[in-house]
Amino acid sequence: MSIYAAAVTRYFEAWNATDADALAKAVAAAWTEDGTYTDPLADVRGHEQIAAVVRAAHERFPGFEFKLTGDVDGNHHIARFSWELVSTADGSAPVAGSDVLTLAEDGRITSVLGFLDRLPEA
């Protein structure tokens, strides 16, 4: 597995963690201590704030999980990929996006720039 695919795997483990302890461990495994996450709805730094964004997503979309769509592309210390938020009950995917990760030397994420490609109607 490439360093890019490994980073994205850890990223999805964090986004799909619903238990508080599992979420804390997954965020720490995926991001550096001062890592950031920025998308149109959030701009946060550090493990606690990133975990709070993940928890908010699960509160808004209970019974959904984040899934990779397509391949992970990477060069130097940057990875990009697309994803969907998929219902475990019926397979619907009301939310989709594309993210760009910057990686530290140890392969953990230093920053995420997220773009929302599809959102449910308000």
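For the chain, an unreviewed UniProt entry supplies the name Nuclear transport factor 2 family protein and the organism Streptomyces rameus.

Caption draft 1: Focus on the UniProt feature "domain: SnoaL-like" (unreviewed entry) in the chain. According to UniProt, the "domain: SnoaL-like" (unreviewed entry) feature falls on residues 8–111. Across residues 8–111, helical content stands at 32% and strand content at 45%; the span's end C-alpha atoms are separated by 12 Å.

Caption draft 2: Summary view of the sheet that holds strand S2 (residues 42–45). Spatial ordering of the open sheet is given by S2-S1-S6-S5-S4-S3, a layout of six strands whose pairing is mixed. Edge positions in the open sheet fall to S2 and strand S3 (64–75), since each of these has one partner strand only. Averaged over all neighbouring strand pairs, the angle between strand axes comes to 20 degrees, with direction disregarded. Pairing of strand S5 (residues 95–103) with strand S6 (residues 109–118), which is carried by eight bridges, proceeds in the antiparallel orientation. Across the sheet, residue serine 98 finds its bridge partner in S6, namely phenylalanine 115. Sheet strands in contact with helix H1 (residues 3–15) are strand S1 (31–39), S3, strand S4 (78–87), S5 and S6, and its direction is about 160 degrees off that of S3. Across the sheet, helix H2 (residues 20–30) lies against S1 and S6, angled at about 95 degrees from S1, the strand it touches most.

Analysis parameters
- Residues numbered from 1 in each chain as written.
- Predicted model: local features only at pLDDT ≥ 70, side-chain atom pairs only at ≥ 80, totals over all residues.
- Heavy atoms only, no water.
- UniProt positions renumbered as here; feature names shortened; annotations may be inferred.
- Helix = DSSP H or I, 4+ residues; strand = E, 2+ residues; numbered from the N terminus.
- Pairing = 2+ DSSP bridges.
- Axes fitted to C-alpha atoms, helices over the stretch in contact; angles between N-to-C directions.
- Contact = heavy atoms within 4.5 Å.

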